[in-house]
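# Reading the structure
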Amino acid sequence: ASATSPPRIPAFLARLRDIAAGAKQATAGMAPFQAGDELLRFVHSGTFKAYNFYQTRIDTVLETGTFNCVSSAVLYNLMADAIGLKAGAVKAPDHAFSTVVLPGRTSDVETTTALGFDPGRKLQFHNAFGKLTGFAYGPPGNYAQRTPIDFRGLVSLILQNRMTEAQGRGNSVLPVRLAWDIQ
């Protein structure tokens, strides 16, 4: 979906395996809620470096660390699967995000921020001595036209964004080929 040339794919797969190994180590022994939250912090601590509204490609995330809602959700879901979490996705107008199935409920995951796990909860921060130093709060999303999608649907958003970019450049052939790929 990212249009990576075949000779470059093995290096990207190796990078994904390295990230997955680190994610497994960072979340070892954690309950699903804590593992999902820690996974999000983990990818933001090394893989995700800068938000870019237009950057949906996974190869670019792996090379530069730039991401948007689609590319960060795809990578988060790949890593969630690698650590044994059941992840899903949601599409809303001009936005996408992940979900994680927890015991008794499903939690939203705003993958564009390290504090986006289970939006709406207040996070307390403590220093090394256990003293409360502050709070962070991730507001819950109120997305109209919220549509659950599977992983294939999430990846197809990369293709849809590439179609939009091609049309913006005046390329009318590439969008037709990519539309075929979405099917």
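Refer to the preceding data block for the structure.
Report follows, based on the coordinates. All figures in this text were calculated on a predicted structure; none of them were measured in a lab. In this numbering scheme, every chain counts its residues from 1 along its sequence in written order. Reporting in this predicted model follows two pLDDT cut-offs: at least 70 for local features of residues, and 80 or more for side-chain atom pairs to be given and counted; totals over whole chains, interfaces and linings ignore these cut-offs and use all residues. Note that the side-chain values use all heavy atoms of the structure and ignore hydrogens as well as water.

### Here we look at unusual backbone geometry
Here is the rule: Classification of residues uses two cut-offs on accessible area relative to the type maximum, computed with a 1.4 Å probe and protein chains only: under 20% is buried, over 50% is exposed, and between them is partly exposed. Under the DSSP-based scheme used, a helix requires at least four consecutive residues in state H or I and a strand at least two consecutive residues in state E, with every element numbered from the N terminus.
Residues other than glycine seldom take positive phi values, yet Asp 94 does so here, at roughly 60 degrees. A relative accessible area of 75% places Asp 94 in the exposed class. Even without glycine at this site, Asp 118 takes up a positive phi of about 55 degrees. Following the sequence through the fold, Asp 118 ends up in the loop between strand E5 (105–109) and strand E6 (122–126).

### Details of the pattern of salt bridges
Under the convention used in this document: Take a side-chain nitrogen of Lys or Arg and a carboxyl oxygen of Asp or Glu: if they are within 4 Å of each other, that pair is a salt bridge.
Under the counting rule described, the total for this entry stands at 5 salt bridges. Of the charged contacts in the structure, one is a salt bridge between Arg 8 and Glu 63, with a shortest N-O distance of 2.0 Å. In this pair, Arg 8 is assigned in the segment before helix H1 (9–27) and Glu 63 in helix H3 (residues 58–64), connecting sequence segments 55 residues apart. Looking at Glu 63, the relative accessible area reads 47%, which means it is partly exposed. With its nearest N and O atoms 2.6 Å apart, the salt bridge here joins Asp 108 to Arg 146.

### Points about the sheet that holds strand E4 (residues 95–102)
What counts is decided by this rule: Strands were regarded as paired on the criterion that DSSP finds at least two bridges between them. Angular values range over 0 to 180 degrees, each being the angle between N-to-C directions of two axes fitted as lines to C-alpha atoms, with helices fitted over their stretch in contact. Contact between two residues is taken to exist if any of their heavy atoms lie within 4.5 Å; hydrogens are not considered.
Taken together, 4 strands build an open sheet; the order of strands is E5-E4-E3-E8 and the sheet is antiparallel. If you trace the sheet from one side to the other, it starts and ends with E5 and strand E8 (147–149), each paired once. Averaged over all adjacent pairs, the angle separating strand axes in this sheet is 35 degrees, with direction ignored. Bridging between strand E3 (residues 87–92) and E8 involves 3 bridges; their strand directions are antiparallel. Residue pairing across strands places Val 90 opposite Pro 148, the latter belonging to E8. Relative to the sheet, helix H4 (residues 69–82) contacts E3, E4 and E5, its axis offset from that of E4 by approximately 20 degrees.

### What about the pairing of E4?
For E4, the buried fraction is high: 7 of the 8 residues fall into the buried class. Pairing geometry for E3 and E4, over 6 bridges, is antiparallel. Counterpart to Val 90 in the pairing with E4 is Phe 97. Hairpin connection from E3 to E4: 2 residues lie between these consecutive antiparallel strands, with Asp 94 at a positive phi of about 60 degrees. Between E4 and E5, which pair antiparallel in sequence order, lie 2 residues; one of them, Gly 104, sits at a positive phi of approximately 85 degrees.

### Here we look at the nonpolar core
How we decide: Only buried residues count toward a nonpolar core, which is a set of Ala, Val, Leu, Ile, Met, Phe, Trp, Tyr and Cys residues joined through side-chain atoms within 4.5 Å.
Counting residues in hydrophobic clusters, the biggest one holds 34 residues, and the most contacted among them are Leu 39, Leu 75, Tyr 76, Met 79 and Leu 154. Elements represented by at least two residues in this core include exactly H1, helix H2 (32–46), H3, H4, E4 and helix H5 (151–168). For this core, the element with the highest residue contribution is H4, accounting for 8 residues. Filtering out sequence-adjacent residues up to four positions away, Leu 39 remains in contact with Ala 23, Thr 27, Tyr 76, Met 79, Ala 80 and Ile 83. Within the second largest apolar cluster, 5 residues are counted, among which are Leu 159, Met 163, Ala 166 and Leu 174.

### A short note on the packing of aromatic side chains
Aromatic ring pairs are reported here in terms of the distance separating the ring centres and the angle at which the planes meet. What counts here: A pair of Phe, Tyr and Trp rings is counted when the ring centres sit within 6.5 Å of each other, with Trp represented by its six-membered ring. The angle between the planes then sorts it: under 30 degrees is stacked, over 60 is edge-to-face, the rest tilted.
Under the definition given, this model contains 4 aromatic pairs. The interplanar angle of 90 degrees and the centroid separation of 5.0 Å between the aromatic rings of Phe 53 and Tyr 54 together place this pair among those described as edge-to-face. Given the relative accessible area of 61%, Tyr 54 is considered exposed. A network of ring pairs unites the aromatic residues Phe 48, Tyr 51 and Phe 67 as a single cluster.

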